[in-house]
Amino acid sequence: METTTIQERFYALPTTAISDATGGHTNLDSKIKPLADHFKIAGRAITVRLPDGENGAVLEAISMAQKGDILVIDAKGNTNRAVAGDFVVSLAKGIGVQGFVVDGVIRDMAAIQDLDFPVFALGTTVAAGFKNGGGVVNCPISVGNVTVHPGDFIIGDIDGVVVVPQQDIEKIVETAEKKIAKDEAREKEALGNGEESIRAYLAKAVSNIKKPQ
């Protein structure tokens, strides 16, 4: 029997369920958004810390990546200089990188959309980044106000991006799966018989709400 991998299990889950499982403490800032609504990612982080306006270390990170990895790039929120364009994205896609998560911006948006490569970022710009050196790969970084370590799991979809620390991966995926099962049971209870079941569910839910003393 074929075993489902952790990556496949996370990919099957919405970020909302994963966020609930983590207590909402590792959600990236909501300004970091998918640049197309259908983009979905789930994989391990290769981290990149860039000096302001730089992007040279992105190439180093791509050269180190394994198939399915996600580049998580700390560009310090710089929205003036791109960390990558369509050529760099083509390199990443060509060796199996799954996507980019960027606390910064990219460029060549139309070409990247044609490549159908998942990018989660603050937006786009027309200006290229510099390649003067100084970036660091696979170190702890801060992206979207959340600390990310190499090997942490990154899950992103239309709702946003969640980080799962590598030491918590098994616990969080199990908790999120249980949350989905619980939500499906709740939906069946509340919606299974139209207005009658909805009113019964609401009556029970309201009665359980704690009133201020």
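Each remark here, short or long, concerns the structure printed above.
Residues numbered from 1 in each chain as written. Predicted model: local features only at pLDDT ≥ 70, side-chain atom pairs only at ≥ 80, totals over all residues. Heavy atoms only, no water.

**Student:** An account of the pattern of salt bridges is requested, with residue identities and associated values reported.
**Tutor:** Summed over all chains, the structure comprises nine salt bridges. Residues Arg9 and Glu170 are paired through a salt bridge, measuring 3.2 Å at the closest nitrogen-oxygen approach. A residue pair is termed long-range when its members are at least 10 positions apart, and Arg9 in helix H1 (residues 6-11) and Glu170 in helix H6 (residues 169-191) qualify at 161 residues. On the accessibility criterion, Glu170 (38% relative accessible area) is partly exposed. In this structure, the salt-bridge partner of Lys179 is Asp183, at a minimum N-O distance of 2.8 Å. Of this pair, Lys179 and Asp183 both sit in helix H6, separated by four residues, roughly a single helical turn. Sharing partners across several salt bridges, the network here consists of Asp20, Lys179, Asp183 and Arg186. (Salt bridge = Lys/Arg side-chain N within 4 Å of Asp/Glu carboxyl O. Helix = DSSP H or I, 4+ residues; strand = E, 2+ residues; numbered from the N terminus. Buried < 20%, exposed > 50% of the residue type's maximum accessible area, 1.4 Å probe, protein only.)

**Student:** Summarise the pairing of strand S4 (residues 99-102); cite the residues concerned and give the values.
**Tutor:** Successive residues of a regular strand alternate their side chains across the two faces of the sheet. Taking every second residue as pointing to the same face, both faces of S4 are buried, with Gly99 and Val101 on one and Phe100 and Val102 on the other. Sheet analysis places strand S3 (residues 70-74) next to S4, joined by four bridges and oriented parallel. Each residue of the ladder has a partner; that of Leu71, found in S4, is Phe100. Once you follow S3 into helix H4 (residues 86-94) and on to S4, the crossover reads as right-handed. (Pairing = 2+ DSSP bridges. Right-handed = clockwise from strand over helix to strand, strands pointing away.)

**Student:** Break down the side chain of Asp74 for me, with residues and values.
**Tutor:** Structurally, the position occupied by Asp74 is in strand S3. Of the side chains bearing the opposite charge, Lys76 lies closest to the buried Asp74, which forms no salt bridge; the N-O distance is 4.3 Å. Side-chain polar atoms of Asp74 contact the backbone nitrogen of Lys76, separated by 3.1 Å. Apart from the residues within four sequence positions on either side, Asp74 is in contact with Val48, Arg49, Leu50, Ile141, Ser142 and Val143. (Lys, Arg positive; Asp, Glu negative; His and termini not counted. Polar contact = N/O pair within 3.5 Å; in protein donor to acceptor, adjacent residues only side chain to side chain. Contact = heavy atoms within 4.5 Å.)

**Student:** Hey, could you go over the packing of aromatic side chains for me, with residue numbers and the actual values?
**Tutor:** A complete count under the given rule lists two aromatic pairs for this structure. One Lys or Arg, Lys40, reaches over the ring of Tyr11 and ends 5.6 Å from the middle of that ring. (Phe/Tyr/Trp six-rings, centres within 6.5 Å; stacked < 30°, edge-to-face > 60°. Lys NZ or Arg CZ within 6 Å of the ring centre and 35° of its normal.)

**Student:** Please provide a residue-by-residue account of the nonpolar core, values included.
**Tutor:** If you look at the biggest cluster of nonpolar residues, it comprises 44 residues, and the most contacted ones within it are Leu71, Val72, Ile73, Phe100, Val101 and Ile154. One finds Leu13, Ile18, Ile172 and Ala176 within the second-largest nonpolar core, a separate group that totals 14 residues. (Core = buried A, V, L, I, M, F, W, Y, C linked by side-chain atoms within 4.5 Å.)

**Student:** Residues and numbers for the pairing of strand S2 (residues 41-49), please.
**Tutor:** Across the nine residues of S2, seven count as buried, placing the element largely inside the fold. The pairing of S2 with S3 spans five bridges and is classified as parallel. Its bridge partner being in S3, Ile46 is matched across the sheet by Leu71. Handedness of the crossover joining S2 and S3 through helix H3 (residues 56-64): right-handed. Taken together, the two bridges between S2 and strand S8 (residues 136-137) define a ladder with antiparallel strand orientation. In the sheet register, Arg49 faces S8, and the bridge partner there is Val136.

**Student:** I'd like a description of H4, backed by residues and values.
**Tutor:** Regarding H4, the residues found buried are Val88, Val89 and Ala92. Taken end-on, H4 shows its buried residues confined to a sector of 100°, consistent with a single buried face. Residues of H4 that are exposed and point more than 90 degrees away from the buried face comprise Phe87 and Gly94. Buried residues along H4 sit against H3, S4 and helix H5 (109-115). Looking one or two places after H4, you find Gly96, whose phi comes out positive at around 95°. (Arc of directions from axis to C-beta.)

**Student:** Requested: an account of unusual backbone geometry, with residues and values cited.
**Tutor:** Comment: phi is negative for the bulk of residues other than glycine, and the bulk of peptide bonds are trans. One non-glycine residue, Lys76, lies in positive phi territory at about 60°. Mapped onto the elements, Lys76 comes out in the loop between S3 and H4. Positive phi outside glycine occurs at Asp116, with the angle close to 55°. Take Asp116: it is sitting in the loop between H5 and strand S6 (119-121). Its relative accessible area of 41% is what places Asp116 among the partly exposed residues.

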